[in-house]
Number of protein chains: 2
Amino acid sequence: MADDNTIFIGNKPFMNYVTGVVMQFTTKNEEQVLVKARGKFISRAVDVAEVAAKRFLNGQVDVKDVKIDSEEFENKEGKQVRVSTIEVLLQKK
Amino acid sequence: MADDNTIFIGNKPFMNYVTGVVMQFTTKNEEQVLVKARGKFISRAVDVAEVAAKRFLNGQVDVKDVKIDSEEFENKEGKQVRVSTIEVLLQKK
């Protein structure tokens, strides 16, 4: 799946992300959209996926798959840090 | 799966939940544990599942399935409210 089907969730206004997902399916006519987030934004990614699929695209789009994982990286103090990640795959019915 | 295999994530200290998951697999010898959360606790549920599976039970337990959904309920003001939910199924290898 190309990168422009992927929506990364951060701290912009909530509806920006929902609109972004909906437009991928409508204006850009994509078959699939991947909603990704890390750490504290994971709850928000689930909200975006659920609101897009159930309120705005109800009957047209399903949650096809949900994956969770961890990423390890070195922080500024040189310490190994672990952060959780999520990927929610939305797909046209 | 019986209810006592299910860990609901709330605002107790993080390690309480991780220990709860680990003990289900070790002391209670369960084959599966379900980590559930709603709303803002979803990020935390993913963290609990990842830390239990990858740090404490690495090589012994996998994330078998992740499901997201929405629940609708009426709040105190009589308004319909939607909240996202997650269920992470951990399973012994």
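Just above, that's the structure.
So, a few notes on the structure that sits alongside this text. Because the structure is predicted, anything quoted here is derived from the model rather than measured. The residue numbers shown here count from 1 along each chain, following its written sequence. Working convention: letters from A go to chains and numbers from 1 go to ligands, in the order in which they are written. Under the rules for a predicted model, residues below a pLDDT of 70 receive no local features and side-chain atom pairs below 80 are neither given nor counted, while totals for whole chains, interfaces and linings still include all residues. As a rule here, side-chain values come from all non-hydrogen atoms in the structure, and water together with hydrogens is ignored.

Let's talk about the pairing of strand β3 (residues 61-74) of chain A
Residue and element names in this part refer to chain A.
Then comes step 1: Pairing between strands is defined by DSSP: at least two bridges between the two strands are required. For helices the rule is a DSSP run of H or I covering at least 4 residues; for strands it is a run of E covering at least 2, with both sets numbered from the N terminus onward. With 13 bridges joining them, β3 and strand β4 (residues 80-92) adopt antiparallel strand pairing. Bridged to Glu 74 within β4 is Gln 80.
Then comes step 2: Taking the residues between adjacent antiparallel strands as the criterion, β3 and β4 are bridged by 5 residues, where Gly 78 takes a positive phi near 80°.

Re the sheet that holds strand β2 (residues 32-38) of chain A
Then comes step 1: The 4 strands are arranged β1-β2-β4-β3 (chain A) in an open sheet whose pairing can be described as mixed. Each end of this open sheet is capped by a strand with a single partner; those strands are β1 (6-8) and β3 of chain A. Taken over all neighbouring pairs, the strand axes of this sheet differ in orientation by 20° on average, direction set aside.
Then comes step 2: Bridging between β1 of chain A and β2 of chain A involves 3 bridges; their strand directions are parallel. Its bridge partner lying in β2 of chain A, Thr 6 of chain A is registered against Leu 34 of chain A.
Then comes step 3: Two residues form a contact once any of their heavy atoms are found within 4.5 Å. Simply put, an axis is a line fit to the C-alpha atoms, just over the touching stretch for a helix, and the angle between two N-to-C directions goes from 0 to 180 degrees. Contacts from helix α2 (residues 42-56) of chain B reach β3 and β4 of chain A, with the element oriented near 120° to β4 of chain A.

Here's the deal with the sheet that holds strand β1 (residues 6-8) of chain B
Residues and elements named next belong to chain B.
Then comes step 1: With mixed pairing, 4 strands are arranged side by side in an open sheet as β1-β2-β4-β3. Of all strands in the sheet, those with a lone pairing partner are β1 and β3 (61-74), marking the two edges. The average undirected angle you get between the axes of adjacent strands in this sheet is 20°.
Then comes step 2: Here 7 bridges tie strand β2 (residues 32-38) to strand β4 (residues 80-92), and the two strands are oriented antiparallel to one another. Each bridged residue has a counterpart across the sheet, and for Val 35 the counterpart in β4 is Val 88.

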